[in-house]
Amino acid sequence: MAAALSTLHLHHQLTFFRKPSFSLLNKSVRSTRITASLEFNITFAPPKPKPKLPANLQTDAVSPSLPPGQHFIPWIVRGEDGNLKLQSNPPARLIHDIADAKTQPKKKKDQVKRESGGNVKARMEAEPKRSKAARRFYNENFRDQAQRLSKVLAAAGVASRRSSEELIFEGKVTVNGSVCNTPQTRVDPGRDAIYVNGNRLPKKLAPKVYLALNKPKGYICSLGKKESKSVMCLLDDYFQSWDKRNPGLPKPRLFTVGRLDVATTGLIIVTNDGDFAQQIAHPSSNLSKEYIATINGVVSKRHLFAISEGTVVEGVHCTPDSVELLPQQSDAPRPRLRIVVHEGRNHEVRELVKNAGLEIHSLKRVRIGGFRLPSDLGLGKHAELKQTDLKTLGWKC
């Protein structure tokens, strides 16, 4: 009896640790008889065959035996024959480029501290360089716009720089409720309340304006004499359409860069930028000015030689850069001279021609620096100068 129980117990353990066959699961368990002779016939599918590489991708440098635990990293390169190849090592050219690459070591904190003068945080958080458009937007909207009081008054169109200084000295200008008698006082029209004769200046100054005007005969380049016609009368249409083109901005106070006498026609620059006008008109700019002089009479080589020798103008001996007799035109029987000067003294070209014994019929300026008067710009008409035009005049925008 004991032997039978031990045998039954052994059979029960075998059936507990072995997995049942799938064929037995489909049958209903009807008997409680347990047997120990269970056989399993489990087979696995064969491994899939590895795809064969094309002939042009056969390995030629792959090591067949890799150390245990090391992964195979394939490199597909193009050989000298032009075909792609698979290899286990990176290309030699890549290794050489990595070895020859120059890397900039990262600056240490103490080095940054020396360069920034001790303010490491400000140095670390410094903004990178911005584009030109971004810098212009920042300067126009966020940068401190403090300027000299006399310059602000002149830019606002109150009066010229000199007349603005006289208004300040006379006590007719107040800043934030107090009378200001110093033209050099730094003010910001957007923040400070500036009054002239009881009228407040606009918070926004007029934008910079650069115009090229084809001056006709009979107009002067001065604003002081009311009995004569000024070139500013030719810009009435420009000012009438100002509010439509620039809503909310005050009208600029324009003036000419240099002057042309009443009888001279041609190119004249009109602007409200004092710094620009001073740079262009100053003799240190060495901007050449080209004139076309129409002569009454006959011009000979002797006259050309006399003009090239120069003459004394305002106590200074002036010589032209070049003198040239232009070919005669069918519609203009009078001879024409092309004279280029760079000093631009008062009546310099007329004095040079007069000293040579010639008489000027008409005089026209056609070029200043690298900017030439447009051929399609009629008398009394104006054109706005572009950034490229300003650069030809030597102005760095």
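Residues numbered from 1 in each chain as written. Predicted model: local features only at pLDDT ≥ 70, side-chain atom pairs only at ≥ 80, totals over all residues. Heavy atoms only, no water.

Quick look at the overall build of the protein now. In terms of regular secondary structure, the protein is built from 14 helices and 19 strands. Scored against the burial criterion, the 397 residues of the protein give a buried share of 29%. Pairs at least 24 residues apart make up 58% of the contacts formed inside the protein by residues separated by at least 6 positions. As presented, the protein carries roughly 28,000 Å² of accessible surface, and 53% of it is formed by carbon and sulfur atoms. (Helix = DSSP H or I, 4+ residues; strand = E, 2+ residues; numbered from the N terminus. Buried < 20%, exposed > 50% of the residue type's maximum accessible area, 1.4 Å probe, protein only. Contact = heavy atoms within 4.5 Å. Areas by Shrake-Rupley, 256 points an atom, 1.4 Å probe, with all protein chains shown as cover.)

Right, let's talk about the packing of aromatic side chains for a bit. A full pass over the atoms with the stated rule returns three aromatic pairs. A ring pair is formed by Tyr238 and Phe239, whose centres lie 5.8 Å apart and whose planes are at 75°; its orientation type is edge-to-face. Summarising the burial analysis for this pair, Tyr238 and Phe239 share the class buried. Ring pairing ties together the aromatic residues Tyr238, Phe239 and Trp242, which thus form one cluster. Across the ring face of Tyr219, the terminal group of Lys229 is positioned such that the distance to the ring centre comes to 4.5 Å. Between Arg245 and the ring centre of Tyr238, over which it is positioned, the NZ or CZ distance is 4.4 Å. (Phe/Tyr/Trp six-rings, centres within 6.5 Å; stacked < 30°, edge-to-face > 60°. Lys NZ or Arg CZ within 6 Å of the ring centre and 35° of its normal.)

The subject of this paragraph is the nonpolar core. Membership of the largest hydrophobic core comes to 31 residues, with the highest contact counts inside it found for Leu235, Leu254 and Ile295. Taken together, the elements giving at least two residues each to this core come down to β9 (210-215), α9 (236-240), β11 (264-271), β12 (289-296), β16 (336-341), α13 (348-355) and β17 (359-368). Setting aside anything within four residues of it in sequence, one finds Ile295 in contact with Arg334, Pro335, Leu337, Val353, Leu358, Glu359, Ile360 and His361. Counting residues in hydrophobic clusters, the runner-up holds 17 residues, among them Ile280, Ile368, Leu377 and Trp395. (Core = buried A, V, L, I, M, F, W, Y, C linked by side-chain atoms within 4.5 Å.)

Even without being a glycine, Asn176 presents a positive backbone phi close to 60°. As for its position among the elements, Asn176 is in the loop between β4 (173-175) and β5 (178-179). One non-glycine residue, His347, lies in the positive phi region at around 55°. Tracing the chain through its elements places His347 in the loop between β16 and α13. Residue classification places His347 among the partly exposed positions, given a relative accessible area of 36%.

What is shown is where atoms sit, not what they do.
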